[in-house]
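# Architecture at a glance
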Amino acid sequence: MGFPERRMRRLRRTETLRRMVRETRLSPDDFIYPLFVVPGQKVRTPIGAMPGQAQLSVDEAVKTAGEALKVGVPAVILFGIPDKKDALGTQAYSDQAPVQRAIRALKKEYGNDLCVITDVCLCEYTDHGHCGIVEKGEVLNDSTLELLAKEAVSHAKAGADMVAPSDMMDGRIGFIREELDEAGFEDLPIMAYSAKHASAFYGPFREAAESAPKFGDRRSYQMDSANAREAMSELLLDEEEGADILMIKPAGTNLDLIRMARDDFDLPLAAYQVSGEYSMLKAAAERGWLDHDRAMMESLIAIRRAGADLILTYFAIEASRLLKGR
Ligand code: PBG
């Protein structure tokens, strides 16, 4: 049956009809809000390349997490910026570092209402800015696993609800799983940054987290963005090693991978709408080149439609406000 019997526009005529046949919906439940935690008190330092986002001291992070909760966002993911960095990233697994203190403060304030996830990586904590131990200019894999596991266990001890390794070392999910179990945290879920590309879109984040590598780049451990089959291998390995949630990152440039992953895997799937995706949209909106709210919602619904269950996004609060307003 074709035109004129079949008229696709019939169901687009009113907003009520459009609502009735809408295939994909967004909810604040889908969102995870990233927070950058710094030492100190009453610190709220705006991040230049990410309008609306700031580095927060623990007390301020508690306030902002409260705003997220108020609009229905169930989870935050914490990134830490320590006051001193060294070759082994020791602040990553220090009980007194910003992330560990933030976990305790957030759990104390919000209990189980807020899911506190932590990013497990070394790049914010090492003086060279790489995600692992560096020897003769190479990022070592196996010895890095020990430090990552120490960091994950330290987050768990502080009370984290979930850990999210983002380093892209081989075998880290299995190793961290074992070490968590050994320390008595067999019930703590792992969200694996499984397919993470070496992406230019992390640029603004590296300003936010002060984590740009001092030499070279991350291409020897993060994936080549040209590869999709390799991404599926990464997801499979993480599933086999015991990941509870798989993640693809960045989201907007990998909608095809999100769809492939949704079709091939049954674990919950997360996608990270990264800093560069956020900044591009903010910049264009600031210039009046894009309608901010519409572009934000369209970018998010596309990620959901591709198949992601969860979206890590700097828009979490703004988008949820808009959703609630409706
Ligand atoms: C840490 C990490 C990065 C991001 C999340 N975890 C930076 C990187 O790998 O360089 C990027 C997040 C973003 O751009 O919003 N390894």
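Let us look at the structure shown here. All figures in this text were calculated on a predicted structure; none of them were measured in a lab. Along each chain, numbering runs from 1 in the same order as the chain's sequence is written. For this predicted model, a pLDDT threshold of at least 70 governs which residues receive local features, and a threshold of 80 or more governs which side-chain atom pairs are given and counted, while totals over whole chains, interfaces and linings are taken from all residues. Side-chain measures were taken over the full set of non-hydrogen atoms in the model, leaving aside hydrogen atoms and water.

Right, let's get into empty space enclosed by the protein. Cavities and pockets are found on a 1 Å grid laid over the protein atoms alone: a cavity is a set of points where a 1.4 Å probe fits but cannot escape, a pocket is an open set with protein on both sides within 12 Å along at least five of seven lines, and a lining residue has an atom within 4 Å of such a point. Grid points are joined across faces, edges and corners, and a volume is the space filled by probe spheres set on the points. According to the stated counting rule, one finds one cavity of 30 Å³ or more in the structure shown. If you add up the space inside the largest cavity, you get close to 140 Å³. Lining the largest cavity are 19 residues, with Cys123, Lys196, Tyr202, Phe205 and Lys249 sitting closest to its centre. Mapped by element, the contributors of at least two residues to the lining of the largest cavity are strand 9 (191–196) and helix 6 (203–209). Residue polarity is assigned by list, with Asp, Glu, Lys and Arg as charged and Ala, Val, Leu, Ile, Met, Phe, Trp, Tyr, Cys and Pro as nonpolar; anything else, Gly included, falls into the polar class. Among the residues making up the lining of the largest cavity, the classes are represented as ten nonpolar, three polar and six charged. Helix numbers and strand numbers start at the N terminus; a helix is a DSSP run of H or I with at least 4 residues, a strand a run of E with at least 2.

As a further point, take the site of the ligand. As a structural note, the neighbourhood of the ligand is formed by 20 residues, with Lys196, Arg206, Lys249, Ser275 and Tyr314 the closest of them. Distance and chemistry together define a polar contact, namely a pair of N or O atoms within 3.5 Å, with one atom able to donate a hydrogen and the other to accept it when in protein, and with adjacent residues in sequence counting only for side-chain atoms on both sides. Take lysine 249: an N or O atom from its side chain is 3.5 Å from a nitrogen atom of the ligand. Here the accessible surface of atoms and residues is derived via Shrake-Rupley with a 1.4 Å probe, and residues count as covered only by protein chains that are part of the display. Surface burial for the ligand is 100%, taken as the share of its 390 Å² of free accessible area covered by protein chains. The pocket occupied by the ligand, as judged from atoms lying within 2 Å of grid points, is the largest cavity. Where the shell around the ligand is concerned, the elements lending two or more residues are strand 9 and helix 6. Looking at the shell around the ligand residue by residue, the class counts come to eleven nonpolar, three polar and six charged. The near set for a molecule or strand comprises every residue that places at least one heavy atom within 4 Å of it. Molecules are considered to sit inside a cavity or pocket once more than half of their atoms lie within 2 Å of its grid points.

This next bit is on the pairing of strand 8 (residues 162–165). Burial along strand 8 is two-sided: the residues Met162 and Ala164 and Val163 and Pro165 are all buried. Looking at chain direction, strand 5 (residues 115–120) and strand 8 are connected through four bridges and run parallel. Its bridge partner lying in strand 8, threonine 118 is registered against valine 163. Buried means the residue's accessible area, taken with a 1.4 Å probe over protein chains only, is under 20% of the maximum for its type, while exposed means over 50%, and partly exposed covers the values in between. When DSSP finds at least two bridges between two strands, those strands are taken to pair.

A word on the pattern of salt bridges. The salt bridge definition used is simple: a Lys or Arg side-chain nitrogen within 4 Å of an Asp or Glu carboxyl oxygen. Evaluation of the coordinates by the stated rule reveals 16 salt bridges. Residues glutamate 60 and lysine 63 are paired through a salt bridge, measuring 3.0 Å at the closest nitrogen-oxygen approach. Within this pair, glutamate 60 and its partner lysine 63 are both found in helix 2 (residues 58–70), separated by three residues, close to a single helical turn. A salt bridge links aspartate 238 to arginine 172, with the shortest nitrogen-to-oxygen separation between them at 3.6 Å. Of this pair, aspartate 238 sits in helix 7 (residues 229–241) while arginine 172 is found in helix 5 (residues 172–182), placing the two residues 66 residues apart along the sequence. Judged by relative accessible area, arginine 172 falls into the buried class, the value being 2%.

A volume near 220 Å³ is recorded for the second largest pocket. Lining the second largest pocket are 18 residues, and of these Tyr33, Gly52, Gln53, Thr64 and Ile317 sit closest to its centre. Here the lining of the second largest pocket gets four residues from one element, more than from any other, and that element is strand 1 (residues 31–38). Each residue belonging to the lining of the second largest pocket can be placed in one class, and the counts come to ten nonpolar, three polar and five charged.

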